[in-house]
Amino acid sequence: MALEKTLVLLKPCTMQRALAGEIISIFEKKGFRICGMKMMQLTDELLSEHYAHLAEKPFFQRVKDSMMTAPVVALCLEGVDAIAAVRTLAGPTNGRNAAPGTIRGSYCVSFQENIVHASDSPETAKVELARFFKPEEIFEWKQCTFDYLYANDEF
């Protein structure tokens, strides 16, 4: 197992509902280390690149429009198997199908307004982190609680 970095976006619906601190707290309490964090207003150009895999879908413009209604908070989170672990914590895309206790199961009832975006693979995480963060905006630091989060043979 290895330490991984992953991208999480706190979507405009999260910002509008004043849930940013609460959602960030969930990731911190789970044990993820915040390596980067910034607030930004997304543009149509950036979203067209980010959601290029949805370009042929009928809801493509709706997704982009929704993501521009308010700023987002971009996070770079790190942990052992962080990509899969963050997605498990987030729950399925459709909040109506998400288990209670997951972020989406606890905070949304929508397919679109679903609180967070989370990278889905190591390859995607690398590309997405580079899209939203400059190298100097991602920090390497030793969190004092790290030795108490994992056994020494887990990473």
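What you see is a predicted model; the values in this text were computed from it and never measured.

Turning next to the overall build of the protein. A count of helical and extended segments in the protein gives seven helices and four strands. Going from the N terminus to the C terminus, the protein shows its helices and strands as β-α-α-β-α-α-β-α-α-β-α. Relative to the globule expectation of 15 Å for 155 residues, the C-alpha radius of gyration of the protein, 15 Å, shows essentially globular dimensions. Reported as C-alpha extents along the three principal axes, the dimensions of the protein are approximately 50 × 35 × 25 Å. Here the protein holds 155 residues, and 48% of them are scored as buried. Residue pairs at least 24 apart in sequence account for 77% of intrachain contacts in the protein once pairs closer than 6 positions are excluded. With the model as given, the accessible surface of the protein reaches about 8,300 Å², and the carbon-plus-sulfur share is 56%. Across the protein, the centroid of the 17 positively charged side chains sits 5 Å from that of the 20 negatively charged ones.

Here is what the cut-offs are and how they apply
Residues numbered from 1 in each chain as written. Predicted model: local features only at pLDDT ≥ 70, side-chain atom pairs only at ≥ 80, totals over all residues. Heavy atoms only, no water. Helix = DSSP H or I, 4+ residues; strand = E, 2+ residues; numbered from the N terminus. Rg over C-alpha atoms; globule rule 2.2 N^0.38 Å. Buried < 20%, exposed > 50% of the residue type's maximum accessible area, 1.4 Å probe, protein only. Contact = heavy atoms within 4.5 Å. Areas by Shrake-Rupley, 256 points an atom, 1.4 Å probe, with all protein chains shown as cover. Lys, Arg positive; Asp, Glu negative; His and termini not counted. Charge placed at Lys NZ, Arg CZ, Asp CG, Glu CD.

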